[in-house]
Structure formats: structure tokens, C-alpha cells
Amino acid sequence: MQLDNILWLPDETKAILFDMDGVLLDSLGLDLSLCGELLKKHLGRSAHLSKEFIRSIFAYHPPEFWRRIFAFIENEQGITAADAVQDAVLAEYNQARKEAVFSVNPGIVEILAACRAQGIKTAVVSNNPTEDVRKIVTQSGIAEYFDLIVGNDLHNLRPKPAPDTYIYAANLLEIPPSQCAVIEDSLLGAEAGCKAGCFTIGVATGGTTFAALEQSDCIRRVYSSFLPNTVALQFGTPTKKKLLTPNDFVSHMIEHIAWRMGCGIDLFWNSNDWPQLGLALGRAIAGFPRQAEIGAALGMIDDGSAEVTAIIAAEPDMLIETVEQLDPAWFFGLRCEQLASSAPLLELLRGLAQGLRARLHIRICGVEDPHHAWEGVFRSVGIALSKIFAPEMPQVQADASDGKAAPAHGIVVEELSEQTAAVVRTTAESRVRVAVQCNEHWPGAYNFKVGPSIQVSGFGGLLEAMAQEAGFTLAVDFVAERLSSSHVVMEDIGLVLGKALKELLILRMNRCGVNGAGSSISTADDLVSQPLSVGVSVEGRKFVKFVPFNESYSAFRQQFLLGQGVFGGLFSEDLDDFLDGLAGGLDCSIMVHVRENIAPAEGWLLLFRHLGKALKEVFQENPCRKGIPPGVKATLA
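These numbers come from a predicted model, not from an experiment. (Residues numbered from 1 in each chain as written. Predicted model: local features only at pLDDT ≥ 70, side-chain atom pairs only at ≥ 80, totals over all residues. Heavy atoms only, no water.)

Trainee: Quick question: what am I supposed to make of the packing of aromatic side chains here?
Mentor: In this description, an aromatic ring pair is defined by two values, namely the gap between the centres and the angle between the planes. What the rule picks out here adds up to 23 aromatic pairs. A centroid spacing of 5.5 Å and a plane angle of 85 degrees characterise the contact between phenylalanine 472 and phenylalanine 619, whose relative ring orientation is edge-to-face. A residue pair is termed long-range when its members are at least 10 positions apart, and phenylalanine 472 in the loop between helix H15 (459-470) and strand S20 (473-480) and phenylalanine 619 in the segment after helix H20 (600-618) qualify at 147 residues. Using a relative accessible area of 3% as the deciding quantity, one classes phenylalanine 472 as buried. (Phe/Tyr/Trp six-rings, centres within 6.5 Å; stacked < 30°, edge-to-face > 60°. Helix = DSSP H or I, 4+ residues; strand = E, 2+ residues; numbered from the N terminus. Buried < 20%, exposed > 50% of the residue type's maximum accessible area, 1.4 Å probe, protein only.)

Next comes the structure, spelled out in C-alpha cells:
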């Protein structure tokens, strides 16, 4: 059941039971400002609360809400509030809430109107006294939409997280809880709805984040907001793209489909209902005139590849398999960047097949890194669909206005001398700037402006460890203009850093001569004592290889390269992508010898340090090699 392209419910739903604060109304803002004012007024300037703490207790009914506040400032700040002060604060707080006119959250009026049009009953079920709730929703202008208002003061009902108020509301509406949907913004309220036996939905417009709601076993579906969804594509404008879903990696996969189809895309999706997103995307694509009934493709990126066949069919379905040597249960269970497993991507593809009214047959072939493998899948899907739907486009006339070629890959060298290089790369999604000073080391500057679901702040520490060993000073700025994912951050920074180093290397090579190759091995003892070693050779080609000495590469990959979390949220597979980007930008080969089994966190830090040592040797002056790159077939340009 769909309500105004905003909310999806089970078909058997007969009623929606709404929490008030944070779901219907934006009342969090009042708490964030009012609580501090009341504490300052009654207890002085030293009593204070963080916004995070207020959000964490936002769902509790007012007496419990303030009991927790007073306990917190007593335990944490040593400030005790007398009973009379507590009573006065609670009274002023309740009065302020009664007098406030809260704004209605976006999309709520549209949902309520759709409920009325479709005969779905509605109720407000709040952890506040009933008459207070009635007054608040009346002042906000939405009371007329509700069949029932239930507070926490009726018939000795226990407040949330007990299920009493939701069960009571369902009984008064004469609808079984199993046919009711509950919408909550808090884990506490969601627990109440779940215990009542209702289909429970979380929305991150109140005190709880999307990620926290999504992790709850009580919640069946999570919404970022109730803003209307948008899915629109247009052939011939692939650089015009705007994608926003609750997960950046899902957005990135859909971007691959649109890009390979040759389409611009305007996508906003408000929930983790991935099958519905796939369905909506498939229907949008199916709206284009068909040029064929079948499309097939091999898609790839780096070490990930897949084969896809798409066939328009009356009975759509999706079959996905792997090559024989790949364990599908292991692969589909792997974390993939911001996704805990591949389940959302599988759900998205199944929905896509339904929306396209097509049979999708997908074979995953090359896997070194799960996100590359999935990029190969979604690229393949986009290529296959382009063969079915892409129209013939008119020829574009070449622009001969100035005769200048555009910088390759959007890369511009802003500054270059024998000691310093600054390089900027700009794409439709991001802007990366890296500055390198190769003759001295000072603490670097590392700034990352990325989406809230991406954790890359710890990456600066690894870059600094590398720069320190190399004797470089680095300045790195990454800004995600529209869309990003953690592997894009790592890979793009590696690419631009590599380009800056390459420009420096060529200039120094021609003017004074440099080694052009180096390693972290300095003495014979290093060959015994180092758990791992790194070698770098700048020969005009990209190559990265790990060589474990005492275990199979398959075991090493699972225990070190894939699925490991290090340094406060960094992903091991993304660090591997940094090496790929660096090798591509520097046109170099990187070899990592792993002599001992080593824990991922220790190993990656050691790897970056040893990479710095190798780069230091690469850039060491060597007059005997003036104008000569390393390697007998080197093609540095």
C-alpha cells in the first residue's frame, strides 16, 4: 500500500498510530533550547546539557525526562536540585510546551490526507498527558485528521516502552494490532509498538539517528524523513546527476546504472525500503521506448567483473550466481562499505527486475574487493539496459573555440617546482586537492568533507605516518560535492597524491636525477625483522600486489584485505583502494611482501609507514640517473 509516494505499508494495514514528538511535530528544537534556559534560570550557568544528551532522552514523558536530567547533572556535574526546584522546572517546561505552536514535519499532512482518502484510521499515541497532546496537535493545526488521541494518563496505562498505549488505541479503533502500523522516532517508542504486535516504522526526524533506528530489531522499516520520493532519468545528460538515499553506497550503485545507460538522474529516496526503490527505478527506466527485448553485457572495474543478461518478460525475476570458485554465502555476507552485507543490493536488484518487467541473470566473476565486484554488477546492468532502452542520440559538434584539450580526468597542476607540487582533481561528485613538499616534514593538514554515513577521519593519521617516513609534508582536502562513498575518498586521494608525486618525480628526474624506485628494506636484518616490506617502482604502469609468505592469498585476503575495520571506522578494502589510486596516479608498481600473519590495524599502519620509507628512497637524488626513469621499458610522460 502506497501513501502519496511517501510511505509504504503492508496491504492489510487498517490504521496508523503516530507518536507525536519528533514524528508529527518538530518539538525537539524547543527541548534543545528550553532545557538549557531552565537550568540556567534555576541552577546557574554551571549546569548545562549537550544536544546529544537531550536527544538521547527525548522520547521519555516529561517527568521521566526531567528526572534523568537532574540525575545526570548531579552525577556528572555535582549539582543537586532541590525538590522544589525540580517541581518548578517541570511546571515551567510543561507550560511552555502547552503554549508552543510546533511546526508539522514535512510530509505529515500529505500522509494524513491520504489516510483519510483511503479509509485508514489514525491516532496519536503519546507519552504525554492526553489533554496536553490534544491541545498541542490542535494548536499545530492537525487535530482534525485524527480519530483518536491517547496519552499516558488513561486507565493506569504504563508509558512507553510498555505496549499498553498502543494496544489500548488499537482496541478503541476496533482494529487488531497486527493490522496497525506504528510510526516512531525513538527506540523506546519503537519497542512499545513492536511489543504491541504492530508493524513498526522508524523515522529519523526526532531524537534518534537513521543508523540507530536501522539497527533495532523492533523496527521493520526506517525513513530519513517523509519528504516525497523522486526518481527521474534522462538520456544524454550523464554528468547531470543528483542522488540521495539513506545509504551512500546504494546511491553509488544506482549511479553506475545511470552512468552506463548514458542518463542523467534525479533521485531522492526517503527510506531503506530497497525493493521499493528498485521497483521505482525499474519503472522509470521501463518508461523509455524499447529498442530491443534483450541486452547483455560484461561490466568491470579494477578487479571486479560480472556478466549480465536482461530480457523483457511477462514474468520478471532475478537470478544471481557466482563463478564456481567463489563461495556465494561468504561473498553475500560480506560488509560492503556502508552496508553490513549485500542484502540491500540483492533486494534492490529484485525490485529493479520487477519494475523493468524483465528477467535479470547476473553472474559475479571477478572478486578481489566486494565493492569492486558490486560495481562490476551494476555497471553490467546499466550496459545491458542501455542496449534495450538507449535511443539514437544526435551527433555532438566538436567545440573548436580555442583548440585546447581539457585536462585529463579533470586534473589540474596548480603549482610545480623541484620541491613542491599541488594538484587538483574535480569531478561531478567531488573535489580533491593535494599539495606535497618533498624536502622536509612538518605535521600535515587533512580535511575531509563527506556524507554523515562515511567515517574517514582516521585516514589522516595513516597519511601522516606515511609522510613522516617519506620526509614529505602533505596537505589534503577532499570535498564531496554531491555524492561520495568511503572507497571514492581513499581512491581519489591516492590518485591525486600519485599525480602530484609523479609531476615532482619527472621534474626532479630530468633536472638532477632520482632513484625512481625504492623499498623499505635498508639492511639484511630488515629482511628478517620486518613483518612486511613495501617496494615501489615508477615505471609508467599501474600494478599493486600483495604476496603473503606463509598462508594462501585467499586466507590473507579474508583476514587482512576484506571486511576488517581499523582506526575508528576505516575499511581495509578502502585502504587497498588508496594503493590502487596511488599506483594509477604515480604510474607505479607497488609490491607488498607479508612475511608474518599480522593483525589488520597493526599491519595497515606498518604498511603506510613502509610505503613512506619506499617513497623516500624513490625520491632520493641520484645524478647517475639524470633523465632516466627506472625499468628498461619505462614510459613515463
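Trainee: Got a minute to help me understand the packing of helix H16 (residues 486-511) against helix H19 (residues 572-586) in this structure?
Mentor: Geometry of a packed helix pair, given as the angle between the helix axes and the separation of the axes. Running from amino to carboxyl end, H16 crosses H19 at an angle of 30 degrees, the nearest separation of the two axes being 6 Å. By the angle class used here, H16 and H19 are roughly parallel. The interaxial crossing formed by H16 with H19 has right-handed handedness. Contacts between H16 and H19 pair Ser486, His487, Met490, Glu491, Ile493, Gly494, Leu495, Leu497, Gly498, Lys499, Leu501 and Lys502 from the former with Asp574, Leu575, Asp577, Phe578, Gly581, Leu582, Gly584, Gly585 and Leu586 from the latter. Its residues assigned to classes, the contact of H16 with H19 shows nine nonpolar, seven polar and five charged. (Axes fitted to C-alpha atoms, helices over the stretch in contact; angles between N-to-C directions. Parallel < 35°, antiparallel > 145°, perpendicular 65-115°, else oblique. Left-handed = near helix turned anticlockwise from the far one by under 90°. Contact = heavy atoms within 4.5 Å. Nonpolar A, V, L, I, M, F, W, Y, C, P; charged D, E, K, R; others polar.)

Trainee: Would you take a moment to explain the packing of helix H4 (residues 83-99) against helix H6 (residues 130-139) for this structure?
Mentor: The N-to-C vectors of H4 and H6 enclose an angle of 40 degrees; their axes lie 8 Å apart at closest approach. For the pair H4 and H6, the contacting residues are Arg97, Lys98 and Glu99 in the first and Asp132, Lys135, Ile136 and Gln139 in the second. Class assignment for the residues of the contact of H4 with H6 results in one nonpolar, one polar and five charged.

Trainee: Looking at this structure, I do not really get the nonpolar core. What am I missing?
Mentor: For soluble globular proteins, nonpolar side chains are generally found buried alongside one another. In terms of nonpolar packing, the biggest core is built from 154 residues, with Leu7, Trp374 and Phe578 touching the most fellow members. Of the residues forming this core, the biggest block, 12 residues, is contributed by H16. Leaving out residues up to four positions away in the same chain, leucine 7 has contacts with Met1, Gln2, Ile16, Ile111, Ile183, Ile201, Tyr223 and Phe226. In terms of nonpolar packing, the next biggest core, distinct from the first, is built from 19 residues, Ile54, Phe65, Val89 and Tyr93 among them. (Core = buried A, V, L, I, M, F, W, Y, C linked by side-chain atoms within 4.5 Å.)

Trainee: Is there a simple way to think about the pairing of strand S14 (residues 317-322) in this case?
Mentor: Note on strand geometry: in a regular strand, side chains alternate between the two faces of the sheet. Here S14 shows a clear split, with Met318, Ile320 and Thr322 buried on one side and none of Asp317, Leu319 and Glu321 buried on the other. Of the strand pairs in this sheet, S14 and strand S15 (residues 358-366) are connected by six bridges, and their pairing is parallel. By the bridge assignment, aspartate 317 is partnered in S15 with arginine 359. (Pairing = 2+ DSSP bridges.)

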